[in-house]
Every structure is written in C-alpha cells, then in structure tokens.
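Here is how the chains run, residue by residue.
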Amino acid sequence: QKEVEQDPGPLSVPEGAIVSLNCTYSNSAFQYFMWYRQYSRKGPELLMYTYSSGNKEDGRFTAQVDKSSKYISLFIRDSQPSDSATYLCAMNGYEGETSGSRLTFGEGTQLTVNP
Amino acid sequence: DGGITQSPKYLFRKEGQNVTLSCEQNLNHDAMYWYRQDPGQGLRLIYYSQIVNDFQKGDIAEGYSVSREKKESFPLTVTSAQKNPTAFYLCASSSTGGKTYNEQFFGPGTRLTVL
C-alpha cells in the first residue's frame, strides 16, 4: 500500500465551480503537508503548505489538514480555466538532522476547468 | 534570475547506452534531489544530496548514479542497468535545516525516451 493515496482523476468541472482535491496518508510522522501545481510538461510549483492540522487560506485556495483522520484537502473556489493542471499533494516529517526536506508525493489529480 | 535549470529538455537514447542529465541551481541551496515521474505514479525519489560530496539513495535508485562535486550542480546518470528509463525526470533543490519545512523548488524537467 502506498504511503500517500490520491485519486488521479481526471476531474472536469465548469468554470466557477468549487473544486475539492483530497489525499489520504498512512504515516503518522508526517508533519508538513504541501500542494503543488504542475502544468503540462513543466516542473511542479508550490501552491500552499500547512503545518500540522488546521486550515490555511490563500485567495481562492484553501488547504485543510485533519491529522486524526490522516486526510488532507485542497479547495479551489471560483475555478478558472487557468487552474487546469495536475495537483500533487506532498508530505514530509522530521527524520533527523540529515533528512532535510525529503517529500512523499501522491500521484496527482488531473483537473480541467471548462470555460 | 535565480532558479533551477535542466538540460536537455528532450533526450533520446538507444538501449544499452548511458546518458547524463544536467541540473544546475543558483539559489545557493544545500540540498538537491532527483525525481522520476511516470503516468499514474506521481513523483518518486531517485537520489538526494544534503551537502557537497555526499548523497543518499531514494526509493528507486537502482540503475541510476549521481555525483555532487559542486554545490550548484547535481548530474544524474541513467545507466544501461535501468530497465525502464523512459520517463520525465525532475530535479529540485531546497535549503536545509532541522525541524522545519524547506520548500523544494523544481526545474522544468527532462523527458527521456529510450528508442
């Protein structure tokens, strides 16, 4: 079983819809939770990150973490065609002084927002 | 401009040949990473390096080799021992520091195709 599970989609929504993207994980040591956005044939870019449980909002984007359920979500309000991309969740936990920022990724959800 | 560069963007290789992918960063980051991305697999860690002249295997290191002779450079060699090398390869870098999250910045990727 994978440490991080993410529904790969594809997910197709009309412009203006609210989008919900989710990941579940099994490693209780994970402390930092990230969402990366990846446009086709490009490198991923960090969208948001959250430490431990709670919510974080940035414009149209809201990240939620529920450590008790080992479940994280990304909500996109008023979705736009420019939001069409693959969204990857990623997580890491402290493994010692030399571990740095080793990340474990979900497989990504492909999102299309139709005008 | 600060960032990560990868070259070439597209690479074609015949079976049985070794090939080296370039990754350079001018962000003054200590840590560098190589990931492989396949459809439905997300990003999988090949090798990472926290400091010059030191590196560790990731989850799928077999058939790959790296070197870290300079802080800004972390080349990846895909050897003929790698059974299925056709994939999208992503390089990333981050600062390092114990109990904290350090954002990973990604390069644009190299798409390797074995003919």
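Here is what the cut-offs are and how they apply
- Residues numbered from 1 in each chain as written.
- Chains lettered and ligands numbered in written order.
- Predicted model: local features only at pLDDT ≥ 70, side-chain atom pairs only at ≥ 80, totals over all residues.
- Heavy atoms only, no water.
- Helix = DSSP H or I, 4+ residues; strand = E, 2+ residues; numbered from the N terminus.
- Rg over C-alpha atoms; globule rule 2.2 N^0.38 Å.
- Disulfide = S-S within 2.5 Å.
- Buried < 20%, exposed > 50% of the residue type's maximum accessible area, 1.4 Å probe, protein only.
- Pairing = 2+ DSSP bridges.
- Axes fitted to C-alpha atoms, helices over the stretch in contact; angles between N-to-C directions.

### Observations regarding the overall build of chain A
Working step 1: When you go through chain A residue by residue, the secondary structure sums to zero helices and eleven strands.
Working step 2: Walking chain A from its N terminus toward its C terminus, one meets helices and strands in the order β-β-β-β-β-β-β-β-β-β-β.
Working step 3: Against the globule reference of 13 Å for 115 residues, chain A gives a C-alpha radius of gyration of 14 Å, in line with a compact fold.
Working step 4: Each principal axis of the C-alpha distribution contributes one length, and for chain A these read about 45 × 30 × 25 Å.

### Quick look at the state of the cysteines
All names here are of chain A.
Working step 1: Evaluation of the coordinates by the stated rule reveals two disulfides over all chains.
Working step 2: Each sulfur in the disulfide pair Cys23 and Cys89 lies 2.0 Å from the other. Between Cys23 and Cys89, the S-S dihedral sits near -100°, and the bridge is therefore left-handed. Here the residue Cys23 occupies a position in strand S3 (residues 19–25), and Cys89 occupies one in strand S9 (residues 85–92), the gap between them amounting to 66 residues.
Working step 3: According to the relative accessible area criterion, Cys23 is buried, its value standing at 1%.

### Digging into the sheet that holds strand S8 (residues 71–76) of chain A
All names here are of chain A.
Working step 1: Overall, antiparallel pairing links the five strands, which are arranged S1-S3-S8-S7-S6 in an open sheet. Looking at the sheet topology across the chains shown, the edges are occupied by strand S1 (4–6) and strand S6 (54–58). Within this sheet the neighbouring strands show an average axis-to-axis angle of 15°, counted without direction.
Working step 2: Pairing geometry for S6 and strand S7 (residues 61–66), over five bridges, is antiparallel. Considered in S7, the bridge of Gly54 is made with Val65.

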